[in-house]
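Single-letter residue listing:
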Amino acid sequence: MLVAWRYRERKSLVQWFDPRAWFIFYGCFLVSTLLFWDIRYLSVFALVALIVLLTSGVEWQEMRRPMLFIISFILFFALLTFLTGRGGIEVYRQEHLITRLILPFSLFGWQPTINITWERTFFALSQLLRVFSLAGMTIVIPYTINPAHYGITFRGLGLPDKFAYAIDLTMRFIPTFGRDFQLTLDAQKARGYELEKLRGGLIAQVRKMAPLIVPVTIHAIIASEDIIDAMDLRAFGIGPRSWLDTLEYHRRDYILIGFSILLLIISLALSFFSYGKFWVPPVFLS
Amino acid sequence: MDNIAVWVKDVTFRYRERSTPAIQGISFSVKPGELMLIAGASGCGKTTLIRCINGLIPRSYKGELQGEISIEGNSIHNLPLARISQLVGTVLQDPERQILGTRVRNEVAFGLENLGLDRSEITLRIDQALDYIGIQNLRDRETFNLSGGEKQKVALAGVLAMQPKILLLDEPLASLDPVSAQDTLRIVRQMVDEGMCVLMVEHRVEDVLNIRPDQVLLIENGMVHYQGAVEGLYKVVNYHEIKLPAQEVLKRAIQDPPPQDLKVLPSVERQSEETGQPALVQFEDVYFGYETTPAVLQDIQFEIHRGDVIAILGANGAGKTTLVKHAIGLLKPLQGRVLIDGVDTHKLSVAEVAKTLGYVFQSPSHMLFASTVYDELAFGPTNLGHPAAQIEKEVLEAIEIVNLSGKEKEAPLSLSFGQQKRVSIAAVLAMRSRILVMDEPTAGQDYQNYMDFMDAIVQLPNFEAILFITHDIDLAVIYANRVVLMNNGRIVADGKPDQVLNDFNQLRSWNVVPTSLLRLNLDMLPISKRFLRAEALAHLQVS
């Protein structure tokens, strides 16, 4: 099975809260994190994300693959900015050299040198913490939020019926889409098609994916006509709809929402007064 | 007018993008507590008629609509869609695509939520609908993981929860195995007996006749060809186009010239196990399963020999498709081994297996992608590394065999469904595979269409053996020289059709439902010596 729901009931901090409250917290957390570059502030956010991850009840085995992917992605980009010094230019102007690496070879007479500076080091570390906070908070969502509750959650957050149900519908048809993809892959393999043998540049590779992409897309388009008919026939969109499932706020949810809003206001205020900008411990700069 | 549920008078409809009407001058009326069967070949206008009655025409499908339709005495033009949706329930052909909820209870609630009903009322109606269909046990299941038959029932429950007076069923049996189909028909009959008006579109006329429809409407090219009681249908219908009970065909076929004798796999001498020649494909003690579920396949000992035309029968979930996927190397056994020409599939890639076994998937739309028929057919041989000159020869030959010459430059996706199916078979022919494997070759097609191409395929000179999965026992009766029966992941019977298919009680215990053609064949076996189609039996009786 290509697509399987990762969600199940767990003993988990996330599931202790109402999904609406959690999404509000998630949104405020996201915006707040993005306001800062100061490694001291970011450490706090990263710590919160780490706690959420550790208390999520998701076992390492379950999220190993996406986690490893994200970790290598973060490390790669942090290393890239660290080595090239690009990306940080927006947040610092001056650099203080720690050491200069002169690579022991030359390309066409050009001697590659890498300046290792305090600014680059701290920028890379800040970036690492920022992306970790965002990724850590995001990755637990599919494991901990019941797919059957997305629609009512977003409806509860004030989105219109049609939009909220569209999210429910997406959840419903992701496994169907995955199964169609698997069927097509099997059918083409039986005709001697080997995905592993894709070669050539990006465009050439995409072209060679056509035997997979075309049937899956066509299928999705044909299916959508039936889906729309099925919805029309059962009176979708004729007026405000009632939702069978209900979500209930508890005291803890109000507390979480209050905390989230407070967090956002404080972050905005700090940021407005120029707190939390890029920071390198002054001792290194003297 | 008082006691009429659906009243249709002189209805003609033309889709905006077409130049000719899809249906023309159709009139009928159906009372509460009546079942009307709507039959006709693919593309005859059955679905268009259904859309006219449930209001999708003209609301979602634009075009020119003439004539009058009224539902429970109200003209449909004056009814808002919300009202129509409560009076007329529609179950579409493919349950997979009309189930909108992630869980069964959400799915059944969908229409009621849209009507804005109270939560307590919705809960009550969900329970009523589930109880009525007898699927209360599915209430909290995820809809995606249900079997085809269960999905059909859930879709039906979702429609019944809205408490319609009229039920429209568009080919409800198309994707079901015989046991689930019988179940669905039983529920439909019960609803009719309790006063529901049901209009059922169905290819499988023979099955529906078992629940005694009050009226039959036969549509041909968008016009009414026959309308009235079942008995009259037998007189007007062409038994090549619509499948009738075997006894009826027997009576009618005597007057026609006898059918040609089928020359199955003409270029192959049937090889038996005794000759000692190695089997083309050999399963040795194969076991397969997924971690959490019980075994999908176990103790499988199975060989494919030259000259075999094998029908694999069994209920949904019996392991038929898993067995076939092992033969073509898409799955590898967890225990035991599968040998193809003596080589273990663990050592072969799917592409290497494809040189020997060509697999035609159930739905052509899962594999067609190229911009021309020619490119589509060249895809397989190119992947297998055939030289260019040879590919051209293979492709042109394959096109000729499936009777699509002249369509080389056309886009496969623009062809009709039947033609697409033929392209998908030609795509396998062009690979010069020696064994043809087909999964449900006749699903979703009308009777004449599939009988014609089955006739053509089994008589092709290219193949050394053919194997097909089917729910249709009659296909096994007519075309197979060997029947393999599966139940719960095991092969429970394997042999000549008249040996495997003669004990009805045993068949039923394996969830296989005997047909009228099978009965007739068993009755006539002393004279015929082998299974034949009803047309051939008719002439046997005379001579």
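All residue numbers here refer to positions counted from 1 along the written sequence of the relevant chain. By the order in which they are written, chains take letters starting at A while ligands take numbers starting at 1. Local features in this predicted model are restricted to residues of pLDDT 70 or higher, and side-chain atom pairs are both shown and tallied only at a pLDDT of 80 or more, whereas totals for entire chains, interfaces and linings draw on every residue. With hydrogens and water set aside, each side-chain value is computed from the structure's full complement of heavy atoms.

**Description of the overall build of chain B**
The helix and strand inventory of chain B stands at 22 helices and 20 strands. Only C-alpha atoms enter the radius of gyration, while the globule expectation follows 2.2 Å times N to the 0.38, with N the number of residues. Against the 2.2 N^0.38 benchmark of 24 Å for 543 residues, chain B shows a C-alpha radius of gyration of 25 Å, consistent with a compact globule. Seen through its C-alpha atoms, chain B measures out along the principal axes to roughly 75 × 55 × 50 Å. Per-residue burial for chain B yields a buried fraction of 59% across its 543 residues. Within chain B, residue pairs in contact and separated by at least 24 positions form 68% of the contacts whose partners lie at least 6 positions apart. Carbon together with sulfur atoms contributes 46% to the accessible area of chain B, which is approximately 21,600 Å² in total. In this tally Asp and Glu are treated as negative and Lys and Arg as positive; neither His nor the chain ends contributes. Where a charge lies is defined by one atom per residue type, namely NZ (Lys), CZ (Arg), CG (Asp) and CD (Glu). The average position of the 52 basic charges and that of the 67 acidic charges among the side chains of chain B differ by 2 Å. Starting at the N terminus, helices and strands are each numbered in turn, a helix being any DSSP run of H or I of at least four residues and a strand any DSSP run of E of at least two. Burial status follows relative accessibility: with a 1.4 Å probe on protein chains alone, a residue under 20% of its type maximum counts as buried, one over 50% as exposed, and anything between as partly exposed. In what follows, a contact means two residues having at least one pair of non-hydrogen atoms within 4.5 Å. Accessibility throughout is a Shrake-Rupley quantity obtained with a 1.4 Å probe, and a residue counts as covered only by protein chains that appear here.

**So, the overall build of chain A**
Broken down by element type, chain A carries eleven helices and two strands. The order of α-helices and β-strands along chain A, N terminus first, is α-α-α-α-β-β-α-α-α-α-α-α-α. On C-alpha atoms alone, chain A measures out to a radius of gyration of 24 Å, which is more than a quarter above the 19 Å that the 2.2 N^0.38 rule sets for 286 residues. The proportion of buried residues among the 286 residues of chain A is 42%. Taking the contacts inside chain A whose residues are at least 6 apart along the sequence as the reference set, 76% of them involve residues at least 24 apart. By element, 68% of the accessible surface of chain A is carried by carbon and sulfur atoms, the whole surface being about 15,900 Å². Distance between charge centroids for chain A: 7 Å, based on 28 positive and 21 negative side chains.

**Quick look at the pairing of strand E6 (residues 88-91) of chain B**
Residue and element names in this part refer to chain B. Residues of E6 alternate between two faces, with Val88 and Thr90 on one and Gly89 and Val91 on the opposite face, all of them buried. Whether two strands pair depends on DSSP finding at least two bridges between them. Summarising the sheet, E6 and strand E7 (residues 166-170) pair through four bridges and their orientation is parallel. In the sheet register, Val91 faces E7, and the bridge partner there is Leu169.

**Here's the deal with helix H10 (residues 210-233) of chain A**
Given 3.6 residues per helical turn, the α-helix brings residues three or four places apart onto the same face. Residues and elements named next belong to chain A. With 24 residues, H10 should reach 34 Å at 1.5 Å per residue; the first-to-last C-alpha distance of 35 Å fits that figure. Buried residues of H10: Pro211, Leu212, Pro215, Val216, His219, Ala223, Asp226, Ile227, Asp229, Ala230, Met231 and Leu233, and no others. With its phi angle positive at about 65 degrees, Ala235 sits one or two positions after the end of H10. One less than the number of residues in a helix, times 1.5 Å, gives the span that helix is expected to have.

**Some remarks on the sheet that holds strand E11 (residues 281-288) of chain B**
All names here are of chain B. The strand order E12-E11-E14-E15 describes an open sheet built from four strands, whose pairing is antiparallel. Bordering the open sheet on either side are strand E12 (297-304) and strand E15 (343-344), each of which pairs with just one other strand. Where E11 lies against E12, five bridges are found, and the strand directions are antiparallel. Bridging across to E12, Phe283 finds its partner in Phe302. Of the strands in this sheet, E11, E12 and strand E14 (335-340) are in contact with helix H12 (residues 320-327), which crosses E11 at around 125 degrees. What counts as an axis is a line fitted to C-alpha atoms, over the stretch in contact for a helix, and the angles between N-to-C directions run from 0 to 180 degrees.

**A word on the pattern of salt bridges**
Here, a salt bridge means any side-chain nitrogen of Lys or Arg that lies within 4 Å of a carboxyl oxygen of Asp or Glu. Taken as a whole, this structure holds 42 salt bridges over all chains when the rule is applied. With its nearest N and O atoms 2.5 Å apart, the salt bridge here joins Arg490 of chain B to Asp299 of chain B. Here Asp299 of chain B lies in strand E12 and Arg490 of chain B lies in strand E20 (residues 490-495), a separation of 191 residues in the sequence. Residue classification places Asp299 of chain B among the partly exposed residues on the basis of a relative accessible area of 48%. The salt bridge partner of Arg482 of chain B is Asp308 of chain B, with a shortest N-O separation of 2.7 Å. A residue pair is termed long-range when its members are at least 10 positions apart, and Arg482 of chain B in strand E19 (residues 482-487) and Asp308 of chain B in the loop between E12 and strand E13 (309-313) qualify at 174 residues. One network of salt bridges, in which partners are shared, links Arg172, Arg179 and Asp180 of chain A together with Glu96 and Lys151 of chain B.

**A few points about the environment of Tyr41 of chain A**
Residue and element names in this part refer to chain A. Structurally, the position occupied by Tyr41 is in helix H3 (residues 39-54). Placed 69 residues apart in sequence, Tyr41 and Trp110 show a C-alpha to C-alpha distance of 40 Å. Once residues within four sequence positions are removed from consideration, Tyr41 is found in contact with Phe36, Leu270, Tyr275 and Gly276.

**Let's talk about the packing of aromatic side chains**
Paired rings are identified among Phe, Tyr and Trp, the last through its six-membered ring, by centres lying within 6.5 Å, and are further divided according to the angle between planes into stacked (under 30 degrees), edge-to-face (over 60) and tilted (the rest). Scanning the entire structure with this criterion turns up 31 aromatic pairs over all chains. Relative to Tyr41 of chain A, the ring of Phe36 of chain A has its centre 4.9 Å away and its plane inclined at 40 degrees; by these criteria the two rings are tilted. In this structure Phe36 of chain A comes out as buried when scored by relative accessible area, which is 1%. The class for Tyr41 of chain A is partly exposed, based on a relative accessible area of 22%. With 5.2 Å between their ring centres and 85 degrees between their planes, Phe272 of chain A and Phe273 of chain A make a pair best called edge-to-face. Ring pairs connect the aromatic residues Trp16, Phe17, Trp22, Phe25, Phe29, Phe36, Tyr41, Phe45 and Phe259 of chain A, which therefore count as one cluster. The criterion for a charge sitting over a ring is simple: Lys NZ or Arg CZ within 6 Å of the ring centre, and within 35 degrees of the ring normal. For the cation-ring pair, Arg130 of chain A lies above Trp37 of chain A, with the distance from its terminal atom to the ring centre recorded as 3.9 Å. The positively charged end of Lys151 of chain B is found above the aromatic ring belonging to Phe144 of chain B, 5.7 Å away from the centroid.

**Quick word on the environment of Leu138 of chain B**
Here Leu138 of chain B shows up in the loop between helix H6 (119-133) and helix H7 (148-160). Those residues within four positions of Leu138 of chain B in sequence are excluded, and the remaining contacts are Val104, Leu146, Glu150 and Val154 of chain B.

**Remarks on the packing of helix H11 (residues 246-253) of chain B against helix H21 (residues 516-528) of chain B**
Residue and element names in this part refer to chain B. Orientation of H11 relative to H21, taken along the N-to-C sense of each, is 65 degrees, at an axis distance of 8 Å. In this structure, H11 contributes Ala246, Gln247 and Leu250 to the contact, and H21 contributes Ser516, Leu517 and Leu520. Nonpolar residues are Ala, Val, Leu, Ile, Met, Phe, Trp, Tyr, Cys and Pro. Charged residues are Asp, Glu, Lys and Arg, and all others, Gly as well, are polar. For the contact of H11 with H21, the per-class residue count stands at four nonpolar, two polar and no charged.

**Notes on the environment of Val492 of chain B**
Residues and elements named next belong to chain B. Tracing the chain through its elements places Val492 in strand E20. Val492 sits 192 residues away from Ile300 along the chain, and the two C-alpha atoms are 9.8 Å apart. Apart from residues lying up to four places away in sequence, Val492 is in contact with Leu485, Met486, Asn487 and Trp510.

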